[in-house]
Structure formats: structure tokens, C-alpha cells
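Listed below, chain by chain, are the residues.
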Amino acid sequence: MRTHYSSEISEDAGGTQVTLAGWVHEIRDMGKLKFLILRDREGLIQVTAKSDTTDPAVLKTIGELTKESVIEVTGKVSPNSRAPKKVEIVPTSISVVSLSRTPLPLDVTGKVDADLDTRLNNRFMDVRKPAVAAVFKIRSKIQQAFREFFVQKDFIEINPPSIIAAASEGGTELFAISYFEREAFLCQSPQLYKQMMMSAGFDKVFITMPVFRAESHNTTRHLNEIFQMDIEKSFIADEEGVLQDLEGVVHYLLLKVSEDCAEELKTLGREVKIPAIPFRRLTYDEALQLLEKNGLKIPWGSDFTPEADKKLAELIDGPFFIKRWPTKLRAFYSKPFDEDPKYCRAFDLCYMGMEISSGAQRIHDHDELVESLKRKNLKPDNFEFYLKAFRYGMPPHGGWSIGAERMTEAITGVSNIRECVLYPRDRTRVEP
């Protein structure tokens with residue numbers, strides 16, 4: 001079988017016999033000269049056959065191939081300054097592993113455009129495009145770097161349930177499911193469970209998991225199934241105790257993508273700038289003032305619109321935090337400032353014109369938490385399983401969540417968040 005990926009073939013390997021395996025990306029028949037572009041996971045490489053030197057059986061096989069057929073090619077590496085990689089394979093044998101049918105559901109070379117629905121309906125083939133594959137290799141690196149960072153910082157990975165009995169954040173946008181003799185819901189956030197682990201004494205935890213939001217939006221920025229990367233941390237003095245972890249991991253994963261995904265970034269025409277730490281911090285009020293000064297007025301107590309996010313990104317270089325949010329805008333567990341309870345210790349991280357993370361220092365006092373639930377018109381009895389953890393010793397704590405899709409979208413520059421998900425789920429799409 002395969003001895004090398006295409007990325008492992010260089011001019012230095014001239015004369016070496018290799019076996020590659022992959023898909024037929026393109027075929028060009030120029031009479032006495034036949035060119036075959038082989039695509040594997042790592043990229044493209046040229047296979048060149050000449051009628052006067054190549055085995056007739058190989059020439060016959062090339063002539064019978066269809067685009068996107070799976071083949072194995074054995075041959076010798078030969079430097080060629082005119083080839084895409086300055087090197088080509090001179091084949092001694094070509095085996096057809098799986099012959100592709102025609103016509104193809106969409107073009108893989110990028111020469112013929114297809115709309116997003118057609119691409120998503122044929123995602124198995126869409127991901128064969130080098131530019132599309134690059135997006136998912138970068139997403140893979142983001143998730144890998146997230147884990148690496150927190151393993152190195154001695155965080156414990158936990159796995160909360162995806163089936164829950166009540167709303168995690170007090171909202172009503174849950175997917176109900178039939179769970180034996182009762183109703184249950186798909187998890188909209190691991191929030192309550194990671195907080196409960198602070199009572200268990202784990203101190204520092206991280207999570208990577210899908211969550212589900214039954215919101216009837218249909219935008220280029222939202223999905224109904226997303227993948228969250230969360231942390232929760234105990235014994236913090238204030239929200240800065242987790243803000244520093246957030247800016248640290250964002251700096252680390254941008255660095256890892258820049259170093260390890262250079263070819264993918266090149267394919268996408270993107271450059272990753274590594275931001276300096278610490279990131280800039282603004283309060284909610286300061287952000288409002290900055291927007292108004294630049295022609296965009298947001299009423300106090302309102303959330304920021306996508307337009308406001310983009311305007312702030314134009315005015316501020318690199319990632320930045322917005323802190324000290326109005327308490328009424330944030331979840332019931334966000335800790336208000338003692339000296340001014342209309343503000344709380346919540347924050348957002350904005351990057352490339354979008355919110356990629358939100359978090360807060362949490363309320364850790366049981367009675368204060370019950371009162372906060374009541375102020376939000378939520379019934380404490382519905383949160384009894386959660387409140388119990390606060391009665392028997394809960395340290396001060398905080399945390400946040402990064403959306404893997406939003407982070408991938410920011411880095412890759414795609415125009416629709418669905419392009420950052422292999423099989424996106426929105427209000428109209430549940431297959432493939």
C-alpha cells in the first residue's frame with residue numbers, strides 16, 4: 001500500500017521508488033503525454049506518463065480513469081521545475097481501487113462553483129476540495145491546541161451529560177426528547193455541571209462537547225448544534241482569574257495554527273497575526289462611548305449588534321475583552337459587583353468582528369444564587385439538583401466558553417458559519 005503522502009515527496013527524493021494512494025483530481029491527455037494529478041490528505045502531486053517510455057498497461061489504465069476514482073500509483077520520483085511541486089512521479093504501475101461514477105455531484109477542482117446547499121448535500125465530496133479541507137484541518141488544530149494548553153496547566157477534563165432534565169441557563173430554547181416515561185432535553189450548556197464540579201473539589205476543569213439550542217434563527221452566524229470548549233476554575237479573586245486563561249489559550253491556539261497550518265492558511269489566503277498579551281480590556285460603558293463617538297449609538301442595557309461588533313473590531317486592533325456588563329443582560333449565575341449590583345463580573349471576548357467567548361465570575365453563595373434566580377423569574381425548585389452543590393461548601397469560581405465554530409470562522413475568514421461544520425444542523429437541515 002502507500003509508502004508516502006504527497007507532502008513527503010521532494011526533489012531530494014529523486015530516483016526513489018514510492019507508492020502513493022488517493023483520488024484522481026484531474027486528468028490531462030495531450031496525446032503522447034498524459035498528466036494525472038493525484039490528491040491525498042496532504043495535497044496534490046503530478047503523475048506524468050509518456051507514450052514512448054511508460055508501460056502500455058499504465059497508459060491504458062490512465063485512459064480509462066474517471067475523476068475522483070481512488071487509485072494507487074507506484075513509480076519513481078523525478079524533479080521537474082514545471083510541475084506544481086517541482087517534482088513528479090513517473091509511474092511503473094497504477095491500480096484502480098474504486099472507479100468513480102460520472103457525472104460528479106459537484107466539481108472538486110474549484111473551477112465550477114456550487115451553492116452552499118449543494119455543497120452541504122454532498123459534503124463527503126465537498127470536503128475533498130483543498131480549500132474546504134483546509135478549514136477542517138485548522139479547526140482540528142484549534143481543538144487540539146485547546147486541550148494541550150489546559151492539560152499543561154493541570155486542568156482535569158470532564159464529560160457532562162448531553163441529556164438533561166431542565167434548562168441549563170433558564171431559557172426555553174431547548175430540544176425536548178422522549179426519555180422513556182418522561183420528557184428530557186438536549187443539553188444547551190454544560191454550565192451547571194461544571195460549576196457543580198467546583199463543589200466537588202476538582203478546582204480546574206475543561207470540557208469539549210456539543211450543545212443544542214432550539215432557536216428559530218436562520219442567519220450566517222448561528223447554528224442549532226455547536227461545539228463548545230469550556231473551562232471552570234475555583235479559588236479566583238475576581239473575573240481576571242479566568243480572563244488570563246482565556247487570553248492565554250487564544251494566544252496559544254493562534255500560535256499553533258500559524259506554525260502547524262501554514263499550508264492550509266496559504267490555501268485559504270489567510271495570515272494569522274499573533275496578538276500580544278494582555279489583550280485590551282474595555283468596560284461595557286466604555287464600549288458604548290467608543291461606538292457613539294464613531295457614529296453608532298447603542299442604548300444602555302442593550303446587547304451589542306453584529307454591526308456594533310464589527311465597528312469595535314475596526315476601532316480596536318486584535319482581540320479585546322468587554323467587561324462589567326449590566327447584570328440584567330447576563331445569566332442568573334453571573335456575580336454582581338458588591339458596590340454597584342446593576343453591573344456584574346461578566347465578560348465577552350471579541351475577535352475579528354465577532355464574539356467568540358463569554359464568561360463570568362459566578363455567584364458562589366447559595367442564598368444569593370436563589371435570590372438571583374427569583375429576580376430572573378426562574379423557579380429555584382427547578383434547579384434543586386444544582387443548588388444542592390452550593391449548600392455544602394462552594395469556593396469562589398468562574399469560567400467561560402469558546403465556540404469552536406466561531407473561532408474557526410474568525411481564523412479562516414469563511415462567510416458562513418456552516419462552512420466550519422462538517423454536517424451543520426440548523427432549523428431546516430437535519431441531514432446528511
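Thresholds applied
- Residues numbered from 1 in each chain as written.
- Predicted model: local features only at pLDDT ≥ 70, side-chain atom pairs only at ≥ 80, totals over all residues.
- Heavy atoms only, no water.
- Helix = DSSP H or I, 4+ residues; strand = E, 2+ residues; numbered from the N terminus.
- Salt bridge = Lys/Arg side-chain N within 4 Å of Asp/Glu carboxyl O.
- Buried < 20%, exposed > 50% of the residue type's maximum accessible area, 1.4 Å probe, protein only.
- Core = buried A, V, L, I, M, F, W, Y, C linked by side-chain atoms within 4.5 Å.
- Axes fitted to C-alpha atoms, helices over the stretch in contact; angles between N-to-C directions.
- Parallel < 35°, antiparallel > 145°, perpendicular 65-115°, else oblique.
- Left-handed = near helix turned anticlockwise from the far one by under 90°.
- Contact = heavy atoms within 4.5 Å.
- Pairing = 2+ DSSP bridges.

1. Overview of unusual backbone geometry
Part 1 of the reasoning: The peptide bond linking T102 to P103 adopts the cis configuration, its omega dihedral lying at 0°.
Part 2 of the reasoning: Considering the arrangement of structural elements, one finds P103 in the loop between β5 (87–98) and α2 (116–121).
Part 3 of the reasoning: P432 follows E431 through a cis peptide bond whose omega is 0°.
Part 4 of the reasoning: Residue position: P432 is located in the segment after α12 (404–412).
Part 5 of the reasoning: At F180, a position not held by glycine, the phi torsion is positive, near 55°.

2. What about the pattern of salt bridges?
Part 1 of the reasoning: Inspection of the entire model under this criterion finds 34 salt bridges.
Part 2 of the reasoning: Its salt-bridge partner being D29, residue K34 comes within 2.7 Å of it at the nearest N-O pair.
Part 3 of the reasoning: E368 is the salt-bridge partner of K335, the closest N and O atoms lying 3.9 Å from each other. Placement of K335 in the loop between β13 (320–326) and β14 (343–351) and of E368 in helix α10 (residues 366–375) is noted, with a sequence separation of 33 residues between them.
Part 4 of the reasoning: Note on E368: relative accessible area 26%, which makes it partly exposed.
Part 5 of the reasoning: Taken together, the shared-partner salt bridges in this structure form one network comprising E239, E240, E247, R281, K323 and R345.

3. Examining the nonpolar core
Part 1 of the reasoning: Membership of the largest hydrophobic core comes to 37 residues, with the highest contact counts inside it found for F150, L246, V249, V250, W400, M407 and I411.
Part 2 of the reasoning: Mapped by element, the contributors of at least two residues to this core are α4 (130–152), β11 (225–234), α6 (240–260), β14, β15 (354–361), β16 (397–403) and α12.
Part 3 of the reasoning: Looking at which element gives the most residues to this core, the answer is α6, with 9 residues.
Part 4 of the reasoning: Among the nonpolar cores identified, the runner-up in size contains 25 residues, and I164, Y193, V205 and F390 belong to it.

4. Section: the packing of α4 against α12
Part 1 of the reasoning: Taken N-terminus to C-terminus, the directions of α4 and α12 make an angle of 125°; their axes are 10 Å apart at the nearest point. Relative to α12, the element α4 is oriented oblique. Crossing handedness for the pair α4 and α12: right-handed. On the side of α4, the interface is formed by V135, I138, R139, I142 and Q143, while α12 contributes A404, E405, M407, T408, I411 and T412.

5. Things to note about the sheet that holds strand β3 (residues 43–50)
Part 1 of the reasoning: Read around the closed barrel, 5 strands run β1-β2-β3-β5-β4, paired in mixed fashion. When strand polarity is set aside, the average angle formed by the axes of neighbouring strands in this sheet is 50°.
Part 2 of the reasoning: Here strand β1 (residues 17–29) runs beside strand β2 (residues 33–40); their pairing, made up of 6 bridges, is antiparallel. By the bridge assignment for β2, E26 is matched with I37.

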